[in-house]
Amino acid sequence: MIASQLDPMVIKSGDNVIIRMPSTNAKIVTLNPAKSVSLGKFGSFNASELIGKTFGHTYEIEKGGSIVPHTIAGFDSADITEANNKEIVDNPKSQKLTFQEIEQLKTMSLSGDVSAQEIIASLTENNESFDKKTEFSKSKYILRKQRKFMKSFVPLETSVYNLCNYFFEFNPGKIRGIRADTLSQVLSLANVYSNARILAVDDGQGIIIGALLSRMAAGGQVLGIHDGDVSNYDVIRYMNFTTDTRDRLQTLPWSKLYHNVEPFTEQLAEGASEDDRFGRERRLRGHSRLSDSLDNLRRGEFDALVISTNYNSKSVIERLVPYLGGSRMLVVYDQSKDALLETFAWLRQSPDFLNVQLTESWLREYQVLPSRTHPMMNTSGGGGFILSAIHLAPAEKPATDSSS
């Protein structure tokens, strides 16, 4: 096996990749060497061009669908000066290029006849107020134009962190509104480690299940309890997990929680067709998976119980806590504090739980640059609430003397 196949930061054929565009929009693509990847107005490129490249670098799309590494200049390249913008008046006439000329440049850029750098250079050269700006203002102006005209992108690996950020930004309802920092606290509070056995309920389409699996590359097992006959852990399919990691996940429907599995006795009749044999093998595999999941559940003594559910969390805990080991963590996530208050009060009164806490995650991003460090103007309103507690082992009854 060649080194590039062993390096997780090298993009491989068949990988799922998050493509971040200059406009900050993003999309998830599966790389097929025989196909091209379209980024709308930013152009398209051959997927084979990206295979063997490294995640996290910026690549520019050239004419013909090829890509080359590119460095985008930003605030870091601006020098600190005493200049200011007080003499600059916001006047649309400061741009000498007409609307028709700019549109013609855009059309030529789409066909590959003019590069984005040439368009930006034309805009800055024909802007009367550009030279009057401070270095920081010039850099911000160029950055805005790059986001508009640059035919570039950044490939990001579909890690738990990147996927959580992606869905939180573009489809938060899919993952029940959990933010990346909240997810990291869930993993920390649950004390997830390799070779652990985790019992989980994840109605956020698998973002928490996937995060648990990512911590178990060296061993361990996750048992997911779900609605319906088939689990809907859609997020996991985007994660480039190995087969061994995927095999660490077992699933069990709620409807089968107290099911008694009978031995598989189905026999094929003489002269059975190929479809009949395939059908029997499929039912046998399903029977074996169900039996293994139930055996795993009834062994009990799980190392953590992690819950993110649309149901009442108290009822879910009552059904699953008997399978949780002593001195092990119970962690419940929900978007709303009100959904956890009843469970919080119940756990505090229960003699079976200790150190019951209800916390809210709060996050503020900062721009950190020389002489320009400040909080970002836009931030998320909330990342959810976490209810955690330590499950106590049931006290053993004292031995009695039969003679007394």
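Residues numbered from 1 in each chain as written. Predicted model: local features only at pLDDT ≥ 70, side-chain atom pairs only at ≥ 80, totals over all residues. Heavy atoms only, no water.

Peer 1: Describe the pairing of strand 2 (residues 26-30), naming the residues involved and giving the relevant values.
Peer 2: By the bridge criterion, five bridges tie strand 1 (residues 16-20) to strand 2 in an arrangement that is antiparallel. Following the sheet pairing, Ile18 is matched in strand 2 by Ile28. Counting the residues that bridge the hairpin from strand 1 to strand 2 gives five residues, and of these Thr24 lies at a positive phi of roughly 75°. (Pairing = 2+ DSSP bridges. Helix = DSSP H or I, 4+ residues; strand = E, 2+ residues; numbered from the N terminus.)

Peer 1: Could you give an account of the sheet that holds strand 16 (residues 385-391), with specific residues and numbers?
Peer 2: Strands sit in the order 10-9-8-11-12-16-13 across an open sheet of seven strands; the sheet is mixed. Of all the strands in the sheet, just strand 10 (249-253) and strand 13 (353-360) have a single pairing partner and so form its edges. Across this sheet, the average inter-strand angle for adjacent strands is 15°, counted without regard to direction. Both strand 11 (residues 302-308) and strand 12 (residues 324-334) contribute to a ladder of five bridges, which runs parallel. Of the residues in strand 12, the one forming a bridge with Val306 is Val331. Lying on the sheet, helix 11 (residues 313-320) is in contact with strand 8 (197-202), strand 9 (221-226), strand 11, strand 12 and strand 13; it crosses strand 12 at an angle near 160°. (Axes fitted to C-alpha atoms, helices over the stretch in contact; angles between N-to-C directions. Contact = heavy atoms within 4.5 Å.)

Peer 1: Describe the environment of Leu347, naming the residues involved and giving the relevant values.
Peer 2: Structurally, Leu347 can be placed in helix 12 (residues 338-349). Along the sequence, Leu347 and Ala389 sit 42 residues apart, while their C-alpha atoms lie 7.9 Å from each other. For Leu347, the residues in contact, after removing those within four places along its chain, are Leu330, Phe353, Val356, Leu387 and Ala389.

Peer 1: Could you give an account of the pattern of salt bridges, naming the residues involved and the relevant values?
Peer 2: Evaluation of the coordinates by the stated rule reveals ten salt bridges. Taking the shortest distance from any N to any O, the salt bridge between Asp334 and Arg176 comes out at 3.3 Å. With a gap of 158 residues between them, Asp334 in strand 12 and Arg176 in the loop between helix 6 (160-170) and helix 7 (180-190) connect regions that are remote in the sequence. In this structure, Arg277 engages Glu274 in a salt bridge whose closest nitrogen and oxygen atoms are separated by 2.2 Å. Taken together, the residues Arg277 and Glu274, both in helix 10 (residues 274-299) and three residues apart, mark about one turn of the helix. According to the relative accessible area criterion, Glu274 is partly exposed, its value standing at 40%. Three or more residues joined by partner-sharing salt bridges are found here, namely Lys174, Asp234 and Arg237. (Salt bridge = Lys/Arg side-chain N within 4 Å of Asp/Glu carboxyl O. Buried < 20%, exposed > 50% of the residue type's maximum accessible area, 1.4 Å probe, protein only.)

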